[in-house]
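Residues per chain, in single letters:
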Amino acid sequence: DEGSMTTAVSPSSVRIGTAGWSIPRAVAEGMPGDGTHLQRYGRVLRCAEINSSFHRPHAAATYAKWAEATPPDFRFAVKLPRTITHDQRLARARTPLQQFLDESSGLGPKRGPLLVQLPPSFAFDARLVGRFFTLLRTLHEGHVACEPRHATWFTAASERLLVTHAVARVAADRRLEVVRQPLSRAHGAVLAGDVVAGLPLPGFDNSAMDGYALRHADLEHFTSDGLRLIGEQFAGRTRDLRIGPGE
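Procedures and definitions
Residues numbered from 1 in each chain as written. Predicted model: local features only at pLDDT ≥ 70, side-chain atom pairs only at ≥ 80, totals over all residues. Heavy atoms only, no water. Pairing = 2+ DSSP bridges. Helix = DSSP H or I, 4+ residues; strand = E, 2+ residues; numbered from the N terminus. Contact = heavy atoms within 4.5 Å. Axes fitted to C-alpha atoms, helices over the stretch in contact; angles between N-to-C directions. Expected span 1.5 Å × (residues − 1). Buried < 20%, exposed > 50% of the residue type's maximum accessible area, 1.4 Å probe, protein only. Arc of directions from axis to C-beta. Core = buried A, V, L, I, M, F, W, Y, C linked by side-chain atoms within 4.5 Å. Phe/Tyr/Trp six-rings, centres within 6.5 Å; stacked < 30°, edge-to-face > 60°. Right-handed = clockwise from strand over helix to strand, strands pointing away.

Strands sit in the order S1-S2-S3-S4-S5-S6 across an open sheet of 6 strands; the sheet is parallel. With partners counted over all chains shown, the strands left at the sheet margins are strand S1 (17–19) and strand S6 (168–169), one partner each. The pairing of strand S5 (residues 144–147) with S6 spans 2 bridges and is classified as parallel. From the neighbouring strand, alanine 145 faces S6, where its bridge partner is alanine 168. This element, helix H4 (residues 94–104), spans strand S3 (75–79) and strand S4 (111–117) of the sheet and lies at about 150° to S4.

We now examine helix H5 (residues 126–139). The end-to-end C-alpha distance of H5 is 20 Å, a good match for the 20 Å that 14 residues give at a rise of 1.5 Å each. Within H5, burial applies to Leu128, Val129, Gly130, Phe132, Phe133, Leu135 and Leu136. As for H5, its buried residues are in contact with helix H3 (82–87), H4, S4, S5 and helix H6 (156–164).

With that out of the way, let us pick up the environment of alanine 145. Residue position: alanine 145 is located in strand S5. By relative accessible area, alanine 145 is classed as buried at 16%. The spacing of alanine 145 and proline 113 is 32 residues in sequence and 6.5 Å in space, taken between C-alpha atoms.

Residue pairs three or four apart in sequence face the same way in an α-helix, which turns once every 3.6 residues. Turning to H4, its buried residues are Pro96, Leu97, Phe100, Leu101, Glu103 and Ser104. Viewed end-on, H4 has its buried residues packed into an arc of 165°, placing them on one side of the element. Turned more than 90 degrees from where H4 packs its buried face, Arg94 and Thr95 sit exposed. Tucked inside the fold, the buried residues of H4 contact helix H2 (60–68), S3, H3, S4 and H5.

Once that is clear, we can look at the nonpolar core. Counting 39 residues, the largest nonpolar core has Phe76, Leu97, Phe132 and Phe133 as its most contacted members. Here this core gets 6 residues from one element, more than from any other, and that element is H5. Beyond its immediate chain neighbours, meaning those up to four positions away, leucine 97 contacts Leu80, Ile84, Phe132, Leu135, Leu136 and Leu139.

So, on to the packing of aromatic side chains. Using the criterion set out here, one finds 8 aromatic pairs in the structure. Summarising the aromatic geometry, the rings of tyrosine 41 and phenylalanine 74 are spaced 6.2 Å apart at their centres and angled 70° between planes, so their arrangement reads as edge-to-face. Of the two residues, tyrosine 41 is situated in helix H1 (residues 37–42) and phenylalanine 74 in the loop between H2 and S3; the sequence distance between them amounts to 33 residues. Neither tyrosine 41 nor phenylalanine 74 differs from the other in exposure class; each is buried. Taking the centre distance of 6.4 Å and the plane angle of 55° together, the rings of phenylalanine 122 and tryptophan 153 count as tilted. Of this pair, phenylalanine 122 sits in the loop between S4 and H5 while tryptophan 153 sits in the loop between S5 and H6, and the two are 31 residues apart along the sequence.

On strand S2 (residues 47–50), burial covers both faces: Cys47 and Glu49 on one face and Ala48 and Ile50 on the other are all buried. Note that S1 and S2 share 3 bridges and pair parallel. Note that in S2 the partner of glycine 17 across the bridge is cysteine 47. On the question of chirality, the crossover connecting S1 to the parallel S2 by way of H1 is right-handed. In this structure, S2 lies alongside S3, joined through 4 bridges in parallel fashion. The residue of S3 that forms the bridge with isoleucine 50 is valine 78.

The next subject is the side chain of arginine 40. As for its placement among the helices and strands, arginine 40 is situated in helix H1. Excluding residues within four positions of it along the chain, arginine 40 makes contact with Ile23, Ala28, Met31, Pro32, Gly33, Asp34 and Gly35.

Structure representation (structure tokens):
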């Protein structure tokens, strides 16, 4: 149909991957060999989603390091930061969007589609969404995919807007209608549904630092006054820190 986003795809252009590249023990035998999890993963699968970019920024050098660890034809899908999609809800996005694009450019040609994942409570707003994708397209010419989950996005109007900006739609389940079942007929029924707050309260953000690292030998006589803080190691950053006695 005219305006449809469905196109023929050859098998050779299809890539299969996962969100992240941590290898569970249950499938470790299927990704053998030496190297990091990413290096082993990249020998078997041809793409992966970087989901951690949703929670915190990564330096361009970190993205470049991931790119160097994978084969030439490998591609990364990169999720936009929650600052843009969830906190600011696509408004006032130029500064954080430009920062994200600059950082993820460290992937070079291995940067694949950008993923715009929206919260379930985000209803379709043609004016707001149109402004955002117009901005995105002035800054980025590569592939983009949008994952809306609110029922108002499953309409011809939203489909036309995505087509206009050359944005693919992620195949996600739409919300089901609420069905009320009398208790007398509830035996064997399964309850399932999203619980979504109208406001992002209380706020939650992943910490850039998760705790302290120290030597096991210092635990035997541990006191907070007896240890010396020698530096900070933020997520997504690399630094040569060596922990000595009493540190």
